[in-house]
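# Secondary and tertiary structure notes
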Amino acid sequence: MAFNHLPAVMYDAFGPLSVTPVTDSVPMARNHRAGGPPQSGGNRPSPRIVLDRLATGADRAARITHTEHLPPREGRHAVWPDRIRAEVINAIQRAGIDHPWTHQATAAEHALDGESVVIATGTASGKSLAYLAPVLTTLLDGSEAPNGRGTTALYLAPTKALAADQCRAVKALAAPLGNRVRPAVYDGDTPVEEREWVRQYANYVLTNPDMLHRGILPSHPRWASFLRSLRYVVIDECHTYRGVFGSHVAQVLRRLRRVCARYGSDPVFLLASATAAAPAAAAGRLTGLPVHEVADDASPRGELVFALWEPPLTDLTGEKGAPVRRSATAETADLLTDLTVQGARTVAFVRSRRGAELVAVIAQERLAEVDHALARRVAAYRGGYLPEERRALETALHSGELLGLAATTALELGIDVSGLDTVLIAGYPGTRASLWQQAGRAGRSGQGALAILIARDDPLDTFLVHHPEALFQQPVESTVLDPDNPYVLAPHLCAAAAELPLTEDDLPLFGPAAPGLLPQLETAGLLRRRASGWYWTRRERAADLADIRGEGGRPVQIVEADTGRLLGTVDEPASHASVHEGAVHLHQGRTYLVRELNLTDSVALVEEANPPYSTTARDTTALSVLETDTEVPWGDGRLCFGSVEVTHQVVSFLRRRLITGEVLGESRLDLPPRTLRTRAVWWTVTEDQLDAARVNPEQLGGALHAAEHASIGMLPLFATCDRWDIGGVSVPLHPDTLLPTVFVYDGHPGGAGFAERAFRTAREWLTATREAIASCECEAGCPSCVQSPKCGNGNEPLHKRGAVRLLTELLRSAPGTPGPEAGRAPEPARTTGPPAP
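Residues numbered from 1 in each chain as written. Predicted model: local features only at pLDDT ≥ 70, side-chain atom pairs only at ≥ 80, totals over all residues. Heavy atoms only, no water.

## Some words on the packing of helix 18 (residues 486-499) against helix 20 (residues 514-523)
Put simply, the rule reads: Whenever a helix is involved, its axis is fitted only over the stretch in contact; in every case the axis is a line through C-alpha atoms, and angles between N-to-C directions fall within 0 to 180 degrees. Numbering of helices and strands starts at the N terminus; helices are DSSP runs of H or I of at least 4 residues and strands are runs of E of at least 2. Under this scheme an angle from 65 to 115 degrees is roughly perpendicular, one under 35 degrees roughly parallel, and one over 145 degrees roughly antiparallel; angles in between are oblique. For any helix crossing, the convention is left-handed if the near helix is rotated counterclockwise from the far helix by under a right angle, and right-handed if that rotation is clockwise. In this analysis, two residues are considered to be in contact whenever any of their non-hydrogen atoms come within 4.5 Å of each other. For this scheme, ten residues count as nonpolar: Ala, Val, Leu, Ile, Met, Phe, Trp, Tyr, Cys and Pro. Four count as charged, namely Asp, Glu, Lys and Arg, and the remainder, Gly too, count as polar.
Contact geometry for helix 18 and helix 20: axes closest at 10 Å, N-to-C directions at 70°. On the basis of their axis angle, the class for helix 18 and helix 20 is roughly perpendicular. Crossing of helix 18 against helix 20: the hand is right-handed. Here Pro-486, Leu-489, Ala-490, Leu-493 and Cys-494 of helix 18 lie close against helix 20, whose contacting residues are Ala-514, Leu-517, Leu-518 and Leu-521. Taken together, the residues that form the contact of helix 18 with helix 20 break down as nine nonpolar, no polar and no charged.

Shown next as structure tokens:
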């Protein structure tokens, strides 16, 4: 029997395009005027006082396992390079910014020298201004050229709303410059009647990789004038381009460079990232170009108090009688309630859409007991809302009408939310980079800020709140992406051939795997080889072959059955687990039950209801090894990396009592299986190793299963992923290895680089896994060590002690270096974000 652990990405890949991100917009840099460390504004209490108030009351102080204090920091000024035009400097000064920070001036100097550069400094450090100063200068220079249109620039954001937010900021900054700077958004929301004007007259076009991939590059002849004059390509929030999404964007950028070369331009790339490790290397992988790095943050920073908070144990017992902690959702709702009563502006980041809705609903109910007016000042914000709902929430947050917001990561990069006092993070977000990104939403006007990480009941969260050094004394992760992934590269080769026939000279641009893929594309009838190169010969659009967000199919519409009203959408892969028949669906504080999921028509019919439970899908998984790329002896056992095929099926769902999580029952489902070809790391053990570990046949399945769960939970410490990006299978006797085997695989077609990172750091990764299990105080295993919230087998069987003995024996034989990077954790050349204390 195989024990499986499915990655949620197979259900819910990179979110919808229309979520709202934040950037360091120009007005955020107003504190440049001060020159000293920013101070708390108004009559707001200090973050320490706010935390002390939260910690009062029954056993609350004991829930704080660690408090980290990052003191305020003074800024370091510079002068703009003398090539920045006086009109631009004057416009910046009118915005309230007298002098740039040192990192802004340095980045601008590289840009003016024609050198691609990545500026990787902390949140609210003025990165936007660092690239806008040279871009605006160049646009002004171009406006004086005799050839009409002059110079152009392209801005890419991960979401449409970030591009729109930046366009507003640029228009405000460039207003004194007249019509010589003509910014315009070009995306799926741009009215058809405006698009032709943008193509012909805008010289600063703001868009996203999706529109570049599907709209601009396939229609490049209509953009010939713009592309011929393209001087700069700005890539904002570039650390979001990781995994499969980042790999797709890397190939889109290579196609852009190729088309630009056809028109005689060679644009400079300007990249911005709030938190990144080895930013120059990551930016180089993304663009395919050498990139200079500016990572010495010279901006001031207000005081940040960062608390780690562990919910208490309850009197309840979970699966197998395991002790159960109070949920992070309930704890976050309590804290959001208390902070709202204090008048503290707060965003609570919650991992799931359903969780965000629950936190908001619980907080609203408790606030209504205090003051009905306060209850109306808390709301939920997540992807899947209709555009008008999101805009209303954003306006209310900007105006201060909303005091509290329970949000998914749709707001992690979200709208400009300066003025927040506190950020609550309900569960470790998967990477240190995301943790600091979310924490950085508070204090963005320069005042002191409070951030609280509320631990979920799982191995990684429990490990982190008791090992604060893993958060505060470690660099952020390296960005993982693989442009050579054949599932990514092949459709982009087709798209490139449709744009311009591919030649032998083009192939180095697309990477070393390109020549080997072309014969396969010819055999499949996708490309045709002629003397001058490879041609796309089909009628359909080649760009439609590549789904760069990895969503896999058209979204499923969620429709109210009785009225026909559209409530929102969910990605097709996510629909099996989230809107199956009988699922509980939350939307804007209202609860619905799914009456029917029609996969043929991509519609889920729901009806309003008020069940006293939530639902959780369960699945089965089978895995076969397709090819072993690398195999390293670990004693008699083996550590392997290669290609696998995973078949999984959602087979049932659990009903759990709200707040407590108590299981009320299980219902069967009849949904089709899904197949995934991806990359995996796996390890095997022999009978001699089992004997040495004192793991008998009755314990073996549970020991492997427990080790699998915990290793998945710990992998985010070593790769830029979270546990929902990856899956696992453990088998006492696998038919391909003929040995007891544990697999951990990427939840993306072709792989995303996470399993490879696990292979390269296997000794450290599995050592941390063993420590996390062994240090847990429970007797037989619990959610804090070996139970998984998404186990397809109901966390059955599990053997905690057997897992510890098995991992101990396995690690006893581990070599120091199973690969060129193994034997050491990620070691980025430079680290940005908060420094180690």
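Structure's up, so let's keep going.
## Things to note about the packing of helix 11 (residues 328-342) against helix 12 (residues 353-370)
At a minimum axis distance of 8 Å, the contact between helix 11 and helix 12 shows a crossing angle of 45°. With respect to helix 12, the element helix 11 is oriented oblique. In terms of crossing hand, the pair formed by helix 11 and helix 12 is right-handed. Within the contact between the two elements, helix 11 uses Thr-329, Ala-330, Thr-332, Ala-333, Asp-334, Leu-336, Thr-337, Thr-340 and Val-341 and helix 12 uses Gly-355, Leu-358, Val-359, Ile-362, Ala-363, Arg-366 and Leu-367. For the contact of helix 11 with helix 12, the per-class residue count stands at nine nonpolar, five polar and two charged.

## A word on the sheet that holds strand 16 (residues 422-426)
For the record, the criterion: A pair of strands is considered paired only if DSSP assigns at least 2 bridges between the two.
One open sheet holds the seven strands; their spatial order is 2-10-17-16-13-15-14, and the pairing between them is mixed. In the strand order of this sheet, the two ends are held by strand 2 (64-70) and strand 14 (378-381), each with one partner. Neighbour to neighbour, the strand axes of the sheet diverge by 15° on average, direction disregarded. One ladder, built from five bridges, connects strand 16 with strand 17 (residues 449-454); its direction is parallel. Within strand 17, the residue paired with Ile-425 across the bridge is Leu-453. Along the sheet, helix 15 (residues 432-439) makes contact with strand 2, strand 10 (304-309), strand 13 (346-350), strand 16 and strand 17, crossing strand 16 at roughly 145°. Of the strands in this sheet, strand 2, strand 10 and strand 17 are in contact with helix 16 (residues 459-466), which crosses strand 10 at around 125°.

## Quick notes on the nonpolar core
Quick reminder of the rule: Working definition of a nonpolar core: buried Ala, Val, Leu, Ile, Met, Phe, Trp, Tyr and Cys residues. They are joined through side-chain atoms within 4.5 Å. Residue burial is assigned from relative accessible area. The probe radius is 1.4 Å, only protein chains are included, and a residue is buried under 20% of its type maximum, exposed over 50%, and partly exposed in between.
Among the nonpolar cores identified, the biggest contains 89 residues, and Phe-306, Trp-634, Trp-683, Leu-715 and Trp-765 are the most heavily contacted of them. For this core, the element with the most residues is helix 23 (residues 697-714), which contributes eight residues. Counting 41 residues, the second largest nonpolar core, distinct from the first, contains Ala-107, Leu-129, Ala-157 and Leu-270.

## Focus on helix 3 (residues 102-112)
Burial within helix 3 is extensive, with eight of its eleven residues counted as buried. The set of residues buried in helix 3 consists of His-103, Gln-104, Ala-105, Ala-107, Ala-108, His-110, Ala-111 and Leu-112.

## Things to note about the sheet that holds strand 5 (residues 183-185)
On the basis of which strands lie adjacent, the open sheet formed by seven strands has the order 5-6-4-7-8-3-9 and parallel pairing. Only two strands of the sheet have a single neighbouring strand rather than two, namely strand 5 and strand 9 (292-294). The mean angle between the axes of side-by-side strands here comes to 15°, regardless of whether they run parallel or antiparallel. Those strands touched by helix 9 (residues 243-262) are strand 4 (152-156), strand 7 (230-235) and strand 8 (268-273), and its axis lies near 175° from that of strand 7.

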